[in-house]
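# Coordinate analysis (summary)
Given next are the chains, with one letter for each unit.
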Amino acid sequence: MTSPTLNQIERACADLARNGHPITIAKVAEHAGISRSTIYRNPELRALIEHHRQVAPDGSMTAITDELVSSAVNSLQ
């Protein structure tokens, strides 16, 4: 998965949380401008959304994107 897609998901989750909206796959997909099926097919994206569901809803960005990208790169090597 490309880093821009992860960043879009991260940003959408943060925006939804900051505005007091529930973080659901449907809402994240709509806010990020990607399809729900893209999220459902990608375990990294689902994990990122799940992470945001479990953290304090202050809307702050996290470093999970960097962790996921590093993990993906390491798995390809």
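The structure reproduced in this document is the subject of the present report. (Residues numbered from 1 in each chain as written. Predicted model: local features only at pLDDT ≥ 70, side-chain atom pairs only at ≥ 80, totals over all residues. Heavy atoms only, no water.)

Look at helix α1 (residues 3-18) against helix α4 (residues 43-54): their axes get within 10 Å of each other, and the N-to-C directions meet at 20°. In terms of orientation, α1 lies roughly parallel with respect to α4. Pair α1 / α4 crosses with right-handed handedness. Taken together, the residues of α4 that come into contact with α1 (itself represented by Thr-5, Leu-6, Ile-9, Glu-10 and Cys-13) are Leu-45, Leu-48, Ile-49 and His-52. (Axes fitted to C-alpha atoms, helices over the stretch in contact; angles between N-to-C directions. Helix = DSSP H or I, 4+ residues; strand = E, 2+ residues; numbered from the N terminus. Parallel < 35°, antiparallel > 145°, perpendicular 65-115°, else oblique. Left-handed = near helix turned anticlockwise from the far one by under 90°. Contact = heavy atoms within 4.5 Å.)

Moving on: the pattern of salt bridges. Under the defined criterion, the tally for this structure stands at 2 salt bridges. A salt bridge links Arg-18 to Asp-15; its shortest N-O distance comes to 2.4 Å. Highlighted residues: Arg-18 and Asp-15, both in helix α1, separated by 3 residues, approximately one helical turn. Judged by relative accessible area, which is 49%, Arg-18 ranks as partly exposed. (Salt bridge = Lys/Arg side-chain N within 4 Å of Asp/Glu carboxyl O. Buried < 20%, exposed > 50% of the residue type's maximum accessible area, 1.4 Å probe, protein only.)

For the rest of this paragraph, the subject is the nonpolar core. Ranked by internal contacts, the top residues of the largest apolar core, which has 16 residues, are Ile-9, Cys-13, Ile-23, Val-28, Ile-39 and Ile-49. Elements supplying a minimum of two residues to this core: α1, α2 (25-32) and α4. If one sorts the elements of this core by residue count, α1 sits on top with 6 residues. Once residues lying within four places of it in the same chain are set aside, the contact partners of Ile-23 are Cys-13, Leu-16, Ala-17, Val-28, Ile-49, His-52 and Arg-53. (Core = buried A, V, L, I, M, F, W, Y, C linked by side-chain atoms within 4.5 Å.)

Geometry only, nothing functional implied.
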